[in-house]
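Listed below are the residues making up each chain.
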Amino acid sequence: MSAILLAVLGMLGFYLGYRYYSKLVAEKIYRLDPNFVTPAHQFNDGVDFVPTKKHILWGHHFTSVAGAAPIVGPAIAVYWGWLPAFLWVILGTIFAAGVHDFGTLVISNRHKGQSLGTLADRIIGQRAKLLFLFIILLLVLMVNAVFAWVIAKLFNTFPASVLPVFIEIPLAVWIGIAVYRKGGGLFWPSFISLIIMYGTAVLTSYVPALSVDLPKWFGGEGASLLFGLNGIEMAFLTWIIILMVYSFFASTLPVWMLLQPRDYINSHQLIVGLAILYLGLFFLAPAITAPAFNGSVTDKSWLPLLFITIACGAISGFHGLVSSGTSSKQLDKETDARFVGYLGAVGEGTLALISILAVITFFATPADFLAKYESFGAASNGGLGAFVNGAANLATGIFIPQAVGATIVAVIVVSFAATTLDTSVRIMRYIIAEIASEYKMNYLTGKYTASFIAVAASTALVLTPGGANGFGSGGYHLWPLFGTSNQLLAGISLLIITIWLKKMGRNYMATFIPMIFLLFITIWAMVQQVFGEWMRGEGKMMLFVIGAIILVFALWILFEAWAAFSNRKDYSDITHEKGA
Amino acid sequence: MDEGGASVESVHVLLVRETDGNKSCCVNLSSDVLNIYHDKPFSERRTIMEEMGIVYRDLQNRFGSQIRLEIIDPRDILALFVILWQEGRRNRIGWKSMLRSMTRGMSSIAVFVNGELLAHGRVPSVETVSEKIMGIMKGTEE
């Protein structure tokens, strides 16, 4: 089967979802009113509240949510065959993510552009706000560990990507100084930085001496090093330590020095990445070689794991944080929410779709695919590598040599992941400092102390899980946990929208069904993992504890939903329904 | 209408400035997350946003519907280029000048009037922008 046909089918699904389902939701459920005075007009101050054209706002919204996660999850989930992953990405985007991202934008728009945390407090109660913050803390911890694992994996698999990625750091600092301290323009510094990074990627792809191949330097699998680690395990440990030391410093630097300039480099890279992949796909026109269903799976059933392995790309609770409180303050017309919110989710879906297509067209035969994806652990450990190689294969369609394509795609994924790591360690530092301040533990509020705690906790988490292939190979257990944290955040957002719709006397099934589905899947997956695998598993105590916490949170949301729907709630404080 | 086809109402003012918050999946420093922390990491950006907000409100009060006022974040590079391209075409700006405006104007702070770069690197005074707008209006009225 042609991959182009699958891409077209996927795009057609997204188009139909937008054309018909989102229209139905907009008109019959959210009942968008073109005459509603949006917060952007009501409070138009040219600072936070600014009426913005829908195409510009969509671009801002999409680039705020796009990153590495919608690539990684699908690349792992094709383990069960491409069809289940494809269907979940398409149907999840149409019926869950689109409605969620669109809904959070609408509800925030109807409540003066307030953020989800504030809305959780107002619509459900103080307890829900607390739950919301706990889930964010959990999500941030998972993000730290998961993205450190992703970067370490990519550095070990694609050592040619190390130098271009590390060159990005001084380049970003240079942009920061040139732009934010000397008042210079952004175009040339960011453009030159990209040229230097990709130029270095070309060099490292052809000159082995420029590859930072730690597994090889440490003697490979046959070596016996400190603590009995082999070369690959030692390389993994080294990368994790380097990444965490980097995160410590990055999270304590002023944002203008590293974090802000990275946004420009990443904006260019997102355009480059999508262009390489989709143009490559259409010019190369590869055939799908992976099986539609993987009949040889014996270890992990697709149900329920598929739905938490692919979170971003099918549905991501994090998008609600961007929709509410940020994009909602810039809506020119309420009817634009459909374009911005629903199509924002579709944009993320197209990233997930190309990730699936890159992997399932890479292997020469189905047997090669099955050899690489022999178990869920193997899929998790090798999925990202398969994506990078598959993407490089697509890049040959536009005459980019395979080796160079692999390095550039690895650099793009690592750049996204590293920005996420910088950000999440910083957020964790903030949360630790705020909690310490609240409980009068002032010795923990300093930025270095709080950052150290954040980094130490994340390091412990990423290094703890034991895997079939020794130390460091169990990090893949964290990916589904990250997925569930993200799904829980989506669950609570959908709950808030559902309660609001119920209060308004509207049909709330469009948000209620995805919410119940997400909670059901999350609880099922966590019960299965926590009690079936981690409770008695050697070295799985930390996974057990985190899984149990997620389970408690999922049950908590279910309890809140039950309380809300058993009509024991007073909704009288839900106001600001009408624009001024 | 003048020779270039621009009407009095069609003076386009584009204010370029960054918003607080960054871009990354699956967490970023915006809205709820920024509200958690007592300190504001993007305080410099915030100051610029507020300074640009003063220019925005003053221009709006002075010219109302006579101008089309827009704000864009320079990180939305494609949208920025499309807007400048459209305004350049509308106002018959040569492609070399357009390209120069685009590359110089892609800055953390910039102001464009009818596709022409008026200021970059720092927030201009309202008077500077107003004079430019009035100059264009006067030209089109004549």
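Residues numbered from 1 in each chain as written. Chains lettered and ligands numbered in written order. Predicted model: local features only at pLDDT ≥ 70, side-chain atom pairs only at ≥ 80, totals over all residues. Heavy atoms only, no water.

Asks: Would you mind showing me how to read the interface of chain B and chain A here?
Replies: Accessible area lost upon the coming together of the parts serves often as the stated size of an interface. Listed per partner, the contact involves 48 residues of chain B and 68 residues of chain A. Three residues, K23, C25 and C26 of chain B, lead the burial of chain B against chain A; their summed loss comes to 15% of the area buried on that side. Between chain B and chain A we count 4 salt bridges in total. The tally of links between chain B and chain A comes to 19 residue pairs in polar contact (both at pLDDT 80 or more). (Contact = heavy atoms within 4.5 Å. Buried area = accessible area lost by both parts, 1.4 Å probe. Salt bridge = Lys/Arg side-chain N within 4 Å of Asp/Glu carboxyl O. Polar contact = N/O pair within 3.5 Å; in protein donor to acceptor, adjacent residues only side chain to side chain.)

Asks: Is there a simple way to explain the nonpolar core in this structure?
Replies: Across soluble globular proteins, you tend to see nonpolar side chains buried next to one another. Judged by nonpolar contacts, the single largest core of 234 residues is most densely connected at Y30, F387 and F482 of chain A. Each residue touching Y30 of chain A, except ones within four places of it in the same chain, is listed here: V25, V99, F102, G103, V106, I497, W500, L501, R506 and T511 of chain A. Core analysis: the next-biggest nonpolar cluster, separate from the first, contains 21 residues, L69, I109, V113 and V129 of chain B among them. (Core = buried A, V, L, I, M, F, W, Y, C linked by side-chain atoms within 4.5 Å. Buried < 20%, exposed > 50% of the residue type's maximum accessible area, 1.4 Å probe, protein only.)

Asks: Would you mind going over helix α4 (residues 69-77) of chain A with me for this structure?
Replies: An α-helical segment advances 3.6 residues per turn. Residues three or four places apart therefore align on the same side. Most of α4 of chain A sits inside the fold, with 9 of its 9 residues counted as buried. By the burial criterion, the buried members of α4 of chain A are A69, P70, I71, V72, G73, P74, A75, I76 and A77 of chain A. (Helix = DSSP H or I, 4+ residues; strand = E, 2+ residues; numbered from the N terminus.)

Asks: Honestly, unusual backbone geometry in this entry has me stumped. Any pointers?
Replies: Outside of glycine, negative phi angles account for most residues, and trans bonds account for most peptide bonds. Residue and element names in this part refer to chain A. A cis amide bond links L303 to the next residue, P304, at an omega of 15°. Here P304 shows up in helix α13 (residues 302-309). Backbone geometry places A285, a non-glycine residue, at a positive phi of 50°. Its place among the elements puts A285 in the loop between α12 (259-284) and α13. The phi torsion at K440 lies on the positive side, around 60°, for a residue other than glycine. Within the secondary structure layout, K440 lies in the loop between α18 (402-438) and α19 (447-463). Given a relative accessible area of 69%, K440 falls into the exposed group.

Asks: It is not clear to me how the sheet that holds strand β1 (residues 11-17) of chain B should be interpreted in this structure. Could you clarify?
Replies: Backbone-to-backbone hydrogen bonds pair the strands of a sheet. The strands run either parallel or antiparallel. All names here are of chain B. The strand order β2-β1-β3-β4 describes an open sheet built from 4 strands, whose pairing is mixed. The sheet is open, and its two borders are formed by β2 (67-72) and β4 (116-120), each paired with just one other strand. Averaged over all neighbouring strand pairs, the angle between strand axes comes to 20°, with direction disregarded. Sheet topology places β1 next to strand β3 (residues 109-113); 5 bridges connect them, and they run antiparallel. Its bridge partner being in β3, V13 is matched across the sheet by V113. Contacting β3 and β4, helix α4 (residues 95-105) crosses the sheet at an angle of about 25° to β4. (Pairing = 2+ DSSP bridges. Axes fitted to C-alpha atoms, helices over the stretch in contact; angles between N-to-C directions.)

Asks: How should I be thinking about a nonpolar patch on the surface in this particular structure?
Replies: A surface patch of nonpolar side chains, about 700 Å² in accessible area, is lined by M1, L5, L9, L12, Y15, L16 and Y20 of chain A. Considering the arrangement of structural elements, one finds L9 of chain A in helix α1 (residues 3-29). (Patch = residues over 30% accessible without salt bridge, like charges linked within 9 Å, V, L, I, M, F, W, Y side chains within 5 Å. Areas by Shrake-Rupley, 256 points an atom, 1.4 Å probe, with all protein chains shown as cover.)

Asks: How should the pairing of β4 of chain B be read in this particular structure?
Replies: Residue and element names in this part refer to chain B. Of the pairings in the sheet, the one linking β3 to β4 comprises 4 bridges and is antiparallel in character. From the neighbouring strand, V111 faces β4, where its bridge partner is A119. Hairpin geometry of β3 and β4 is characterised by an intervening segment of 2 residues between the two adjacent antiparallel strands and by a positive phi of about 50° at N114.

Asks: Can you help me understand α13 of chain A in this one?
Replies: Residues and elements named next belong to chain A. Burial analysis of α13 places 6 of its 8 residues in the buried class, the great majority of the element. Regarding α13, the residues found buried are P304, L305, L306, F307, I308 and T309. Its buried side turned inward, α13 meets α4, α5 (82-109), α17 (376-395), α20 (478-503) and α21 (509-534). The backbone nitrogen of L303 has a side-chain oxygen 3.1 Å away, supplied by the residue at the start of α13, namely S301.

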